[in-house]
Amino acid sequence: MSRKTYRQAVSEALRHEMRRDLRVVIMGEDVSGGLGAPGEQDAWGGPQGVTKGLMPEFGRGRVLDTPISESAFIGAAAGAAATGLRPVAELMFVDFMGVCFDQIFNQAAKFRYMFGGRAVTPLVIRTQYGAGLRAASQHSQSLYPIFTHIPGLKVVLPSSAYEAKGLLIQAIRDDDPVVFFEHKALYDDEEEVPDEAYTIPFGEANLTREGSDATIVAFGRMVKFANQVADSLEQDGIGCTVIDPRTTSPLDSDAILDSVAETGRLVVVDEASPRCNMATDIAALVAEHAFGALKAPVRMITPPHTPVPFAPELEDAYIPSPARIEEAVRGVLAAKR
Amino acid sequence: MTITVPKPLAEEMYRRMQLIRRFEEWVVKLVESNEIAGVTHESVGQEAVAVGVCLALRDDDVITSTHRGHGHIIAKGGNVAHMLAELLGREGGYNKGRGGSMHIADMALGIFGANGIVTAGCPMACGTAYAFKRRGQDRVAASFFGDGGVNHGLFHEALNLAAIWALPVVFVCENNGYAITTPIASVTKVELYTRAAAYGMPGEAVDGMDVQAVYEATRRAVERARAGAGPSLIECRTYRFVGHYTAERFMKLDYRSDEEIVAWRKRDAIPAWSKRLGEAGLWRADDQRRCDAAVERELDQAVAIARQSPWPSADTALDHVYARTYPGLPAQGFE
């Protein structure tokens, strides 16, 4: 056990699984970098340096730098998965889904079902998402609800370094296509992470804080903000349960409903655009199955329905903040029915 | 024109082409009797391409197919009873009734699916070929697509990827002249096979109505692929004698002239191949009749088996979405 960053945790998970299983291969744009260049090979390991060092250890046969052809290499990864490999394809930013989505949602996601259960597609797509790095509208989106909508895909949102390592190892060992969303503002976050391999099962929420006054459900980076808010409210004697579902598909509905049955108050924090996102999904879940338990209207804390703005002033206002979450929790506590 | 392939192979070429032709004619009948629901795309006229390509492959090679896939699947050895059961939406179908005409697959026979999305099989074939190469196997992936596919981005991305990674892929363009009703010449300025040059791979056009010509071209591409020399593109010039899909026959569409259809029908690959078998002294007068009768029997039996196959039960409707079936709220709708 030692302190590791989210970046190191992801990298370690990949290294563990590549050492353990020869079927695991990596492909993507610049996952190593410098392919055939006159200077340094393994030039950078991608924009976050996550895959740096893997090519020298495992070779170009297993760490494949691809052309900028997302459809071709994501589709090839799906084909290789259906042929018995366990590819981890890197879609550099999830915003690039627009140029390869068919291979994900019409192909990889549907092989098993369409083929009557006779195809297995153990594919992982790692991708960066989220706002906060002044990367503007086409490199900052939180598009996981779109993937969550697709039957056949599993969708994972690691909220910390510990979570990232265990969930990625699970994703690689899983027999279904998994889209693994790494928040670009979390890569430098550190915590204690075991050196050995471990897995975290999908569909089992993590209760990062426990309290009986209100429930906060949050995803990815928003879990960190929700924890800060819960800790701050604790000072005022307000107890919050914070639920990190870890995976949006499958979703641990029971954990959410059980907690709401106890607290009667729910705030959902979601960095995705507000229409048809995880917040609306969970609000509907609770309205349908725990309406009688609610002591206040559900609050949804999301960005506004706009593209992610560039200007730092605007982007900061766009991202759900701990202050907005805290105000929402105080609001549901004050509400009268 | 001489026959250069051995007699058993020459006979098998005829048998599979005839099986495809009669299968497709059965499909039309079953659509008209409302036993097959939805949309089917018949490959009548294009049999020589499917058979010429697939008989040049080994059993452990892989194909990816298209929306017009019945012929490819039969040519690769697919079981016609399982195919028909799938078309009828039965539990005994290849896909347990979950797929239908456009998604028939048999992974064990190397049939990685018909596909409803144009050229979607091209990158998949690249990945399969990469997996073969990675494991040190000399297996090959052949990817079928139509003339309409050559203007799709996936085609270009996949050809480039296969070329730079020297993957054992044979890209097979079935040029039947029309993307639904749009003539290929109206939307493409070059001969289709010349696109190969842009990716540094060999490309050639062959007569898609000559099963032996398709077979020989494929064999050259397959040998090259097995030897580690990388992918090839083959353009097979063919024609569908029928509409884009079954319903077209009732739509009175007039985008093709009668003269054009008649001219292509005169070049029908199946009687032409039978004639050559006779001229080469490989077949006597009765041999074709015997082969045809066996095909009829096989299809009669297949239709009977398919019709007897049970309907899928609604309580299995959630199965096969994931490796294990998740209980819980999303299951609603089937309750």
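This is a predicted model, so every value here is computed, not measured. (Residues numbered from 1 in each chain as written. Chains lettered and ligands numbered in written order. Predicted model: local features only at pLDDT ≥ 70, side-chain atom pairs only at ≥ 80, totals over all residues. Heavy atoms only, no water.)

A.B. asks: Mind showing me how you'd approach the packing of helix 5 (residues 121-134) of chain B against helix 6 (residues 153-164) of chain B here?
C.D. replies: The angle between the axes and the distance between the axes are what describe a pair of packed helices. Residues and elements named next belong to chain B. The geometry of helix 5 relative to helix 6 is characterised by a closest axis approach of 8 Å and an angle of 20° between their N-to-C directions. By the criterion of interaxial angle, the relationship of helix 5 to helix 6 is roughly parallel. Between helix 5 and helix 6 lies a crossing of left-handed hand. Mapping the contact onto sequence places C122, P123 and C126 in helix 5 and L154, A158, L161 and A162 in helix 6. (Axes fitted to C-alpha atoms, helices over the stretch in contact; angles between N-to-C directions. Helix = DSSP H or I, 4+ residues; strand = E, 2+ residues; numbered from the N terminus. Parallel < 35°, antiparallel > 145°, perpendicular 65-115°, else oblique. Left-handed = near helix turned anticlockwise from the far one by under 90°. Contact = heavy atoms within 4.5 Å.)

A.B. asks: Would you mind going over the domain arrangement of chain A with me for this structure?
C.D. replies: When the parts of a complex come together, some accessible area is lost, and that lost area is often used as the size of the interface. All names here are of chain A. Segmenting chain A into domains produces domain 1 (2-193) and domain 2 (206-334). Taken together, the contact pairs 27 residues of domain 1 with 27 residues of domain 2. Taking both partners together, domain 1 and domain 2 bury about 2100 Å²; carbon and sulfur atoms supply 53% of that area. In this assembly, domain 1 and domain 2 are joined by 4 salt bridges. Of the charged contacts in the structure, one is a salt bridge between K224 and D189, with a shortest N-O distance of 2.7 Å. For the pair domain 1 and domain 2, the number of links is 17 residue pairs in polar contact (both at pLDDT 80 or more). If you list the elements that add at least two residues to the side of domain 1 that touches domain 2, you get helix 6 (144-148), strand 6 (154-156) and helix 7 (161-173). (Domains from an automatic or database assignment. Buried area = accessible area lost by both parts, 1.4 Å probe. Salt bridge = Lys/Arg side-chain N within 4 Å of Asp/Glu carboxyl O. Polar contact = N/O pair within 3.5 Å; in protein donor to acceptor, adjacent residues only side chain to side chain.)

A.B. asks: Explain the pattern of salt bridges here, please?
C.D. replies: Pairs may arise between side chains of opposite charge once their charged atoms sit close together. Residue and element names in this part refer to chain B. Summed over the entire model, instances satisfying the criterion amount to 49 salt bridges over all chains. Note that R220 is salt-bridged to E204, the shortest N-O span being 3.2 Å. One end of the pair, R220, is in helix 8 (residues 211-226); the other, E204, is in strand 6 (residues 203-207), with 16 residues separating them in the sequence. According to the relative accessible area criterion, R220 is partly exposed, its value standing at 45%. (Buried < 20%, exposed > 50% of the residue type's maximum accessible area, 1.4 Å probe, protein only.)

A.B. asks: I tried to follow the pairing of strand 4 (residues 86-93) of chain A on my own but got confused; where do I start?
C.D. replies: Residues in a regular strand project their side chains so that they alternate between the two faces of the sheet. All names here are of chain A. Most of strand 4 sits out of view: 8 of its 8 residues are buried. Sheet topology note: the strand 2 (residues 24-28)/strand 4 ladder contains 5 bridges and is parallel. Note that in strand 4 the partner of I26 across the bridge is V88. Direction of pairing for strand 4 relative to strand 5 (residues 124-129): parallel, over a ladder of 5 bridges. Bridge pairing in strand 5 places E90 opposite R126. (Pairing = 2+ DSSP bridges.)

A.B. asks: Help me understand the environment of A279(A), please; the structure alone is not making it clear to me.
C.D. replies: Residue and element names in this part refer to chain A. Secondary-structure assignment places A279 in helix 10 (residues 278-289). For the pair A279 and L294, spaced 15 residues apart in sequence, the C-alpha separation works out to 16 Å. If near-sequence neighbours (up to four positions away) are discounted, A279 is found in contact with V268, D270, M300 and T302.

A.B. asks: How should the side chain of R86(A) be read in this particular structure?
C.D. replies: All names here are of chain A. Structurally, the position occupied by R86 is in strand 4. Reaching out from R86, the side chain makes a polar contact with the backbone oxygen of D174 at a distance of 3.1 Å. Not counting chain neighbours up to four residues away, the residues in contact with R86 comprise D21, R23, V24, V25, P122, I172, R173, D174 and D175.

A.B. asks: I keep staring at the sheet that holds strand 2 of chain A and nothing clicks. Help me out?
C.D. replies: Residue and element names in this part refer to chain A. Across the sheet, 7 strands lie side by side as 3-2-4-5-7-6-12; this open sheet has mixed pairing. The sheet is open, and its two edges are formed by strand 3 (63-65) and strand 12 (247-249), each paired on a single side. Strand-to-strand, the axes of this sheet are offset by a mean angle of 20°, without reference to chain direction. The pairing of strand 2 with strand 3 spans 3 bridges and is parallel. Looking at the pairing, I26 lines up with V63 of strand 3. Where helix 1 (residues 6-20) meets the sheet, it contacts strand 2, strand 3, strand 4, strand 5 and strand 7 (178-183), and its direction lies at approximately 130° from that of strand 2.

A.B. asks: Any chance you could explain the interface of chain B and chain A here in plain terms?
C.D. replies: Taken residue by residue, the interface counts 40 residues in chain B and 48 residues in chain A. Counting each side, the surface lost to burial between chain B and chain A is near 3500 Å², with a carbon and sulfur contribution of 64%. On the surface where chain B and chain A come into contact, there are 0 salt bridges. For the pair chain B and chain A, the number of links is 16 residue pairs in polar contact (both at pLDDT 80 or more). Put simply, the parts of the chain that give the side of chain B that touches chain A at least two residues each are helix 5 and helix 6 of chain B. It is helix 5 of chain B that provides the largest number of residues to the side of chain B that touches chain A, a total of 9 residues. Of the residues in the side of chain B that touches chain A, the class split is 23 nonpolar, 11 polar and 6 charged. (Nonpolar A, V, L, I, M, F, W, Y, C, P; charged D, E, K, R; others polar.)

A.B. asks: Explain helix 1 of chain A to me, please; I cannot follow it from the model alone.
C.D. replies: Structurally, the α-helix is built with 3.6 residues per turn, so residues lying three or four positions apart point the same way. Relative to the 21 Å expected for 15 residues at 1.5 Å per residue, helix 1 of chain A spans 21 Å between its end C-alpha atoms, a close match to the ideal helical length. Those residues of helix 1 of chain A lying buried are Y6(A), A9(A), V10(A), S11(A), E12(A), A13(A), L14(A), E17(A) and M18(A). (Expected span 1.5 Å × (residues − 1).)

A.B. asks: Sorry, what's going on with the sheet that holds strand 14 (residues 299-301) of chain A here?
C.D. replies: By definition, the strands of a sheet pair up through backbone hydrogen bonds, in either a parallel or an antiparallel sense. Residues and elements named next belong to chain A. With mixed pairing, the 5 strands of this open sheet are ordered in space as 9-11-10-13-14. This sheet does not close on itself; its edge strands, each paired only once, are strand 9 (206-209) and strand 14. Averaged over all neighbouring strand pairs, the angle between strand axes comes to 25°, with direction disregarded. Sheet topology note: the strand 13 (residues 266-269)/strand 14 ladder contains 3 bridges and is parallel. Among the inter-strand pairings, V269 is bridged to a residue of strand 14, identified as I301. Lying on the sheet, helix 10 is in contact with strand 10 (214-218), strand 13 and strand 14; it crosses strand 13 at an angle near 155°.

A.B. asks: What should I look at first to understand the packing of aromatic side chains in this one?
C.D. replies: The relative placement of two aromatic rings is captured by the distance of their centres and the angle of their planes. Residues and elements named next belong to chain A. Tallied over the entire structure, the rule returns 16 aromatic pairs over all chains. Taken together, a centroid distance of 5.3 Å and an interplanar angle of 75° make the contact between F101 and F147 edge-to-face. Linking F101 in helix 4 (residues 101-108) with F147 in helix 6, this pair joins segments that are 46 residues apart in sequence. Side by side, F101 and F147 carry an identical accessibility label, which is buried. Consider the rings of Y129 and F181, whose centres lie 5.6 Å apart with planes at 80°: the pair is edge-to-face. Highlighted residues: Y129 in strand 5 and F181 in strand 7, separated in sequence by 52 residues. Of the two residues examined, Y129 and F181, each falls in the buried class. Here the aromatic cluster, defined as three or more aromatic residues joined through ring pairs, consists of F101, F105, Y129, Y144, F147, F181 and F219. (Phe/Tyr/Trp six-rings, centres within 6.5 Å; stacked < 30°, edge-to-face > 60°.)

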